[in-house]
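Overview (structure and organization)
Chain by chain, the residues run as shown.
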Amino acid sequence: MTDNKNVKIMFFDIETLSTKNEAVVLSMGFVPVDFEVCSTFQELVAGGLEVKMQVEEQVAAGREVERSTLDWWKKQGDSAKRVLTPREDDVQMKDFYESISSLGFIQKANWYAKGPHFDMAITSSLFNDFNIKEPWGYNQVRDVRTALEWAVGDTMPYDREKLISDGTLAGFINHNAVHDAAFDAWQTLQILHGKYTDG
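Presented here is a report on the structure given in the accompanying data block. Note that the structure is predicted; figures quoted are calculated from it, not measured.

Within the protein chain, the secondary structure is distributed over nine helices and five strands. Relative to the globule expectation of 16 Å for 199 residues, the C-alpha radius of gyration of the protein chain, 16 Å, shows essentially globular dimensions. Projected onto its principal axes, the C-alpha positions of the protein chain cover 50 × 40 × 30 Å. Expressed as a percentage of the 199 residues in the protein chain, the buried residues total 45%. Sequence-distant contacts in the protein chain: of pairs separated by 6 or more residues, those separated by 24 or more amount to 77%.

In structure tokens, the structure reads:
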């Protein structure tokens, strides 16, 4: 876990309705991380924040919805698919920064995603459409895949299903933005703290 008032490291993930840069964004997951602390997956999830975005305004702005992605979502688990259901508290873009205020000071954080060409590129496009500044600077974006490959020679060093079965990832929801970001963070922390043992 980390002191969210002055975040230095943020792991980030999104869920979308397309794979194009102009995709509608369903949700964003934010997981603040302290590299000095080897947090558990559950601690990372507990310290994370999901922001479920309003879809209607994005569609009205011309953002993309792809049939192939909708078909893909139909094959996902019920817990993941809840993000498809509109809610009264879905966040409009004008309220984005208010919605993440609980994270604290994030302006100097380095942002990690797997990979930035998807998560950051789509999010930057969304922010640009609504004339809102993205929360990271040009030199603050990091790639989880590259970090994992350089560290252990594998972009997917852990058997996720095995970790779910043995309880390490108890409660994990695939294609939940916070859970996916937390899993990326957990893998990185395990390696940084010398606990990686070949999957």
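Evaluated as defined, the whole model comprises eight salt bridges. The closest approach of N and O atoms between Lys74 and Asp71, which form a salt bridge, is 3.8 Å. Here Lys74 pairs with Asp71, and both are found in helix H3 (residues 67-74), just three residues apart, close to one helical turn. Residue classification places Asp71 among the partly exposed residues on the basis of a relative accessible area of 31%. Salt bridges sharing common partners tie together Arg67, Asp71 and Lys74.

Here we come to the nonpolar core. Among the nonpolar cores identified, the biggest contains 26 residues, and Phe12, Met28, Phe30, Ile100 and Trp111 are the most heavily contacted of them. Elements with a minimum of two residues in this core: strand E1 (9-16), strand E2 (25-33), strand E3 (49-52), strand E4 (110-113) and helix H6 (119-129). Counting residues per element, this core draws most heavily on H6, which supplies four residues. Ignoring any residue separated from it by four or fewer positions in sequence, one finds Met28 in contact with Phe12, Asp13, Ile14, Leu49, Glu50, Val51, Met53, Phe96, Thr123, Leu126, Phe127 and Ala177. Within the second largest apolar cluster, 21 residues are counted, among which are Ile9, Leu163, Val178 and Ala182.

Below, the discussion takes up unusual backbone geometry. The peptide bond linking Lys114 to Gly115 adopts the cis configuration, its omega dihedral lying at 0 degrees. Even without being glycine, Asn131 reaches a positive phi, approximately 55 degrees. For Asn131, the location among the structural elements is in the loop between H6 and strand E5 (141-143). For His175, which is not a glycine, the phi torsion comes out positive at approximately 70 degrees. Relative to the elements of secondary structure, His175 occurs in the loop between helix H8 (160-165) and helix H9 (177-192).

Let us now look at the packing of aromatic side chains. Summed over the entire model, instances satisfying the criterion amount to 18 aromatic pairs. Residues Phe11 and Tyr112 carry aromatic rings whose centres are separated by 5.0 Å and whose planes lie at 10 degrees to one another, so their mutual orientation is stacked. Here the residue Phe11 occupies a position in strand E1, and Tyr112 occupies one in strand E4, the gap between them amounting to 101 residues. Tyr112 carries the same exposure label as Phe11, and that label is buried. Plain terms: the ring middles of Trp111 and Trp136 are 5.2 Å apart, the flat faces sit at 65 degrees to each other, and that makes the pair edge-to-face. Of this pair, Trp111 sits in strand E4 while Trp136 sits in the loop between H6 and E5, placing them 25 residues apart in sequence. Since its relative accessible area comes to 0%, Trp111 is described here as buried. Exposure remark for Trp136: the relative accessible area of 4% places this residue in the buried category. Among the aromatic residues, ring-to-ring pairing joins Phe12, Phe30, Phe96, Tyr97, Trp111, Phe127 and Trp136 into one connected group.

What the five strands build is an open sheet, ordered E3-E2-E1-E4-E5; its pairing is mixed. Among the strands making up the open sheet, the edge pair consists of E3 and E5. In this sheet, neighbouring strand axes are inclined to one another by 25 degrees on average, regardless of whether the strands run parallel or antiparallel. Across four bridges, the pairing between E2 and E3 is antiparallel. Residue pairing for E3: Gly29 is matched across the bridge by Glu50. Lying over the sheet, helix H7 (residues 144-152) contacts E1, E4 and E5, oriented at roughly 45 degrees with respect to E5.

Scoring rules and cut-offs
Residues numbered from 1 in each chain as written. Predicted model: local features only at pLDDT ≥ 70, side-chain atom pairs only at ≥ 80, totals over all residues. Heavy atoms only, no water. Helix = DSSP H or I, 4+ residues; strand = E, 2+ residues; numbered from the N terminus. Rg over C-alpha atoms; globule rule 2.2 N^0.38 Å. Buried < 20%, exposed > 50% of the residue type's maximum accessible area, 1.4 Å probe, protein only. Contact = heavy atoms within 4.5 Å. Salt bridge = Lys/Arg side-chain N within 4 Å of Asp/Glu carboxyl O. Core = buried A, V, L, I, M, F, W, Y, C linked by side-chain atoms within 4.5 Å. Phe/Tyr/Trp six-rings, centres within 6.5 Å; stacked < 30°, edge-to-face > 60°. Pairing = 2+ DSSP bridges. Axes fitted to C-alpha atoms, helices over the stretch in contact; angles between N-to-C directions.

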